[in-house]
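What follows is each chain in one-letter form.
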Number of protein chains: 2
Amino acid sequence: MPPRTKPLRKDAQRNRDLLVTTARELFAARGLDVSLDEIARTAGVSSGTLYNHFPERADLVEAVFADRVATVAEIAEHALAMADPWAGLVHFLERVCELQAADRGYNDLVSRRLPQAPPTEEHARGYESMVRILDRARESGALREDVTLEDMAFLTWGTARTVEATAAVRPQAWRRHLALMLDGLRATAARPLPEPPLRPDELAEIMRACS
Amino acid sequence: MPPRTKPLRKDAQRNRDLLVTTARELFAARGLDVSLDEIARTAGVSSGTLYNHFPERADLVEAVFADRVATVAEIAEHALAMADPWAGLVHFLERVCELQAADRGYNDLVSRRLPQAPPTEEHARGYESMVRILDRARESGALREDVTLEDMAFLTWGTARTVEATAAVRPQAWRRHLALMLDGLRATAARPLPEPPLRPDELAEIMRACS
DNA sequence: AAATAAGTTGAGAGTACGGTCAACTTATTG
DNA sequence: CAATAAGTTGACCGTACTCTCAACTTATTT
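For clarity, every value in this text was computed on a predicted model and none was experimentally measured.

**Overview of the overall build of chain A**
Piece 1. Of regular secondary structure, chain A possesses eleven helices and zero strands.
Piece 2. For chain A, the sequential pattern of α-helices and β-strands runs α-α-α-α-α-α-α-α-α-α-α.
Piece 3. Its C-alpha atoms give chain A principal-axis dimensions of about 60 × 45 × 30 Å.
Piece 4. Burial analysis of chain A (211 residues in total) assigns 48% to the buried set.
Piece 5. Counting only contacts in chain A whose residues sit at least 6 apart along the sequence, the fraction spanning at least 24 positions is 71%.
Piece 6. Total accessible area on chain A is roughly 10600 Å²; 54% of this is exposed by carbon and sulfur atoms.

**Topic: the protein's contact with DNA strand C**
Piece 1. Around DNA strand C sit 23 residues, and of these R57 of chain A together with R9, N15, S46 and T49 of chain B come closest.
Piece 2. Atoms of DNA strand C within 4 Å of the protein belong to the sugar or the phosphate in 65% of instances, the rest to bases.
Piece 3. S46 of chain B places a main-chain nitrogen or oxygen 3.0 Å from a phosphate oxygen of DNA strand C.
Piece 4. At a separation of 3.3 Å, a phosphate oxygen of DNA strand C approaches a polar side-chain atom of H53 of chain B.
Piece 5. Counting residues per element, the ones that place at least two in the surface near DNA strand C are α1 (10–30), α2 (36–43) and α3 (47–53) of chain A together with α1 (10–30) and α3 (47–53) of chain B.

**Points about the protein's contact with DNA strand D**
Piece 1. Neighbouring DNA strand D are 22 residues, the closest being R9, N15 and T49 of chain A together with D37 and R57 of chain B.
Piece 2. Protein-adjacent atoms of DNA strand D, using a 4 Å cutoff, are sugar or phosphate at a proportion of 62%.
Piece 3. Within the contact set of DNA strand D, a phosphate oxygen lies 3.4 Å away from a side-chain nitrogen or oxygen of N52 of chain A.
Piece 4. A distance of 2.9 Å is found between a phosphate oxygen of DNA strand D and a backbone nitrogen or oxygen belonging to L36 of chain B.
Piece 5. It is α3 of chain A that provides the largest number of residues to the surface near DNA strand D, a total of five residues.
Piece 6. Taken together, the residues of the surface near DNA strand D sort by class into five nonpolar, nine polar and eight charged.

**Quick notes on the packing of helix α5 (residues 66–80) of chain A against helix α8 (residues 121–139) of chain A**
Residues and elements named next belong to chain A.
Piece 1. Running from N to C, α5 and α8 cross one another at 30°; their axes reach a closest spacing of 8 Å. Considered as vectors, α5 and α8 are oriented roughly parallel to each other. The two elements α5 and α8 cross, and the hand of that crossing is left-handed. Taking contact as the criterion, the partners of V69, A70, A73, E74, A76, E77, A79 and L80 in α5 are, on α8, E122, H123, R125, G126, S129, R132, I133 and R136.
Piece 2. Of the residues assigned to the contact of α5 with α8, the class counts are seven nonpolar, three polar and six charged.

**Re the UniProt feature "DNA-binding region" (unreviewed entry) in chain A**
Piece 1. Sites flagged by UniProt as "DNA-binding region" (unreviewed entry) map to residues 35–54 of chain A.
Piece 2. Strand forms 0% of residues 35–54 of chain A and helix 75%; the C-alpha atoms that close the span are 13 Å apart.

**Overview of the packing of aromatic side chains**
Residues and elements named next belong to chain A.
Piece 1. Going through the model one piece at a time under the given rule, you end up with six aromatic pairs over all chains.
Piece 2. Seen from their ring centres, F27 and F65 are 6.3 Å apart, and the 15° between their planes marks the pair as stacked. Here the residue F27 occupies a position in helix α1, and F65 occupies one in the loop between α4 (57–64) and α5, the gap between them amounting to 38 residues. The residues F27 and F65 share a single accessibility class, namely buried.
Piece 3. Taken together, the ring pairs connect F27, F65 and Y106 into an aromatic cluster.
Piece 4. It is R68 that lies over the ring of Y106; its NZ or CZ is 4.9 Å from the centre.

**Digging into the nonpolar core**
Soluble, globular proteins show a tendency: their nonpolar side chains are buried together.
Piece 1. Of all hydrophobic cores here, the largest spans 119 residues; its most connected members are F27 and I39 of chain A together with F27 and I39 of chain B.
Piece 2. With nine residues, helix α4 (residues 57–80) of chain B is the single largest residue contributor to this core.
Piece 3. With near-sequence residues (within four places) excluded, F27 of chain A lies in contact with L32, V34, I39, L60, V61, V64, F65, D103, R104 and G105 of chain A.

**Topic: the interface of chain A and chain B**
Piece 1. Counting residues at the interface gives 43 residues for chain A and 44 residues for chain B.
Piece 2. Taken as a group, R170, R176 and L180 of chain A account for 21% of the area that chain A buries against chain B, more than any other trio of residues on that side.
Piece 3. Counting every contact that joins chain A to chain B gives eight salt bridges.
Piece 4. R170 of chain B serves as the salt-bridge partner of E195 of chain A, at 3.2 Å between the closest nitrogen and oxygen.
Piece 5. Summed over the shared surface of chain A and chain B, the result is 18 residue pairs in polar contact (both at pLDDT 80 or more).
Piece 6. Where the side of chain A that touches chain B is concerned, the elements lending two or more residues are α7 (104–112), α9 (152–166), α10 (173–185) and α11 (200–208) of chain A.
Piece 7. Of the residues forming the side of chain A that touches chain B, the biggest block, ten residues, is contributed by α10 of chain A.

**Quick word on the UniProt feature "domain: HTH tetR-type" (unreviewed entry) in chain A**
Piece 1. Under the local residue numbering, the UniProt record ascribes the feature "domain: HTH tetR-type" (unreviewed entry) to residues 13–72 of chain A.
Piece 2. Spanning residues 13–72 of chain A, this segment combines 80% helix with 0% strand, and its end C-alpha atoms are found 27 Å apart.

**Section: the relation of the copies chain A and chain B**
Two chain copies here: they are related by a rotation about an axis and a translation along the same axis.
Piece 1. Laying chain A over chain B is done by rotating through 180° and shifting 0.0 Å along the axis; what remains is an RMSD of 0.1 Å. The superposition operator between the copies reduces to a two-fold rotation axis.
Piece 2. Comparing contact sets, 100% of the residues at the interface of chain A also lie at the interface in chain B, consistent with an isologous, same-surface contact.

**Let's talk about the side chain of T162 of chain A**
Piece 1. In this structure, T162 of chain A sits in helix α9.
Piece 2. Overall, T162 of chain A belongs to the buried group, its relative accessible area being 0%.

**Let's talk about the pattern of salt bridges**
Piece 1. Counted under the stated rule, the structure contains 38 salt bridges over all chains.
Piece 2. The partner of D33 of chain A in a salt bridge is R112 of chain A, and the shortest N-O contact between them spans 3.4 Å. Taken together, the residues D33 of chain A in the loop between α1 and α2 and R112 of chain A in helix α7 connect sequence positions 79 residues apart.
Piece 3. One salt bridge in this structure joins R138 of chain B and D135 of chain B, with 2.5 Å as the shortest N-O distance.

What counts, and where the lines are drawn
- Residues numbered from 1 in each chain as written.
- Chains lettered and ligands numbered in written order.
- Predicted model: local features only at pLDDT ≥ 70, side-chain atom pairs only at ≥ 80, totals over all residues.
- Heavy atoms only, no water.
- Helix = DSSP H or I, 4+ residues; strand = E, 2+ residues; numbered from the N terminus.
- Buried < 20%, exposed > 50% of the residue type's maximum accessible area, 1.4 Å probe, protein only.
- Contact = heavy atoms within 4.5 Å.
- Areas by Shrake-Rupley, 256 points an atom, 1.4 Å probe, with all protein chains shown as cover.
- Near = heavy atom within 4 Å.
- Polar contact = N/O pair within 3.5 Å; in protein donor to acceptor, adjacent residues only side chain to side chain.
- Nonpolar A, V, L, I, M, F, W, Y, C, P; charged D, E, K, R; others polar.
- Axes fitted to C-alpha atoms, helices over the stretch in contact; angles between N-to-C directions.
- Parallel < 35°, antiparallel > 145°, perpendicular 65-115°, else oblique.
- Left-handed = near helix turned anticlockwise from the far one by under 90°.
- UniProt positions renumbered as here; feature names shortened; annotations may be inferred.
- Phe/Tyr/Trp six-rings, centres within 6.5 Å; stacked < 30°, edge-to-face > 60°.
- Lys NZ or Arg CZ within 6 Å of the ring centre and 35° of its normal.
- Core = buried A, V, L, I, M, F, W, Y, C linked by side-chain atoms within 4.5 Å.
- Buried area = accessible area lost by both parts, 1.4 Å probe.
- Salt bridge = Lys/Arg side-chain N within 4 Å of Asp/Glu carboxyl O.
- Least-squares fit on C-alpha atoms with pLDDT ≥ 70 in both.

As structure tokens, this is what we get:
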């Protein structure tokens with residue numbers, strides 16, 4: 001469906017696109033904390049124009065990473081299409097971590113969750129698929145029984161920090177971190193866990209809180 | 001051994017102590033990024049005095065957390081005194097994570113390593129003990145063969161991020177994260193790892209690089 | 001009780017950031 | 001080709017932080 005809003009003037013559209021692609025590059029290289037003035041300067045427009053198109057930083061971040069939600073949903077669906085449920089889970093997590101490792105901005109994003117964008121249907125799609133990836137792996141007997149979707153946050157947070165720390169020295173180090181965690185997720189590795197899983201609403205609150 | 005430098009004037013010593021304890025409290029509550037002016041103001045001295053005692057932020061951080069190195073060394077030695085090597089390793093990691101969970105400043109510190117203080121003999125003591133904790137657990141057959149001391153960094157980084165994210169909502173959530181990682185560290189869970197461990201010099205470089 | 005050394009003060013310089021807006025320029029429309 | 005709406009500009013405001021220094025105060029020494 002075409003957007004309901006009237007189209008931008010063509011120079012405005014050009015500037016907007018310029019800002020998004022410039023921000024994408026700067027975010028990818030240096031993380032989400034690049035100054036907005038620098039983005040505008042690099043894009044060759046004034047800071048006023050940036051604020052005109054994106055009143056808050058979160059708006060720009062959302063525009064830059066809008067397609068990522070769909071990308072993750074596609075990865076999840078591809079994982080579900082794999083024959084082996086465990087291999088599907090591993091594939092999904094590896095691909096998502098690769099996205100993180102390839103883009104410091106995205107790595108910041110999954111770890112800190114700046115934009116509280118309203119959950120789209122794309123979001124719901126990805127969420128559904130992730131639930132099914134986990135259920136399937138659990139039912140197959142490969143994934144431990146006591147692990148929940150919310151536990152995947154530990155994995156994301158952990159590898160995000162490792163990606164950040166090791167990017168300059170050993171860009172693939174996160175694969176080792178992930179593999180160690182995966183070995184802890186197997187049913188055969190399971191020992192009783194000391195703390196109940198995060199409830200969905202708790203995780204939602206954590207995400208909302210940014211930081 | 002008493003310090004070689006001439007003793008401070010007594011009011012100077014009082015101000016210095018005041019600054020350190022104030023900084024300790026503020027760091028613990030709000031992390032390492034508290035403004036130095038605020039620390040001075042809270043301590044009831046002028047900012048000039050703060051900069052007189054601690055020319056750089058790192059100097060203050062070092063003074064605040066100077067004893068932590070020894071604390072960790074003691075925890076490690078206590079872990080080594082335990083009969084069961086695996087239990088010793090678990091105990092060590094749990095205690096260190098408890099330190100992180102109890103102090104946001106320390107959590108920042110282990111995760112970002114601000115001060116490049118010259119490694120003291122206390123450092124060496126802790127390091128030695130950690131090596132022995134791991135060796136002992138490995139030789140007992142409980143810890144997987146292919147895991148190194150450098151791999152513990154993944155654990156520290158990961159739980160640090162989890163502690164940070166979950167502190168407000170579920171302060172004990174890190175225990176679950178840690179338990180999942182521990183299950184991946186058992187010899188019985190071991191599957192081939194996809195990436196060689198970080199070399200000691202690589203880890204050192206990562207630490208040096210701050211961030 | 002001077003004399004001297006040690007330490008403190010707080011205003012302010014310098015920097016960087018997010019954000020605003022009246023004046024200006026450009027695209028589109030009839 | 002006006003007329004008008006849309007968009008841009010960049011100087012400027014406010015804020016927050018690090019860091020400095022000349023004038024001042026306090027402790028210590030003889």
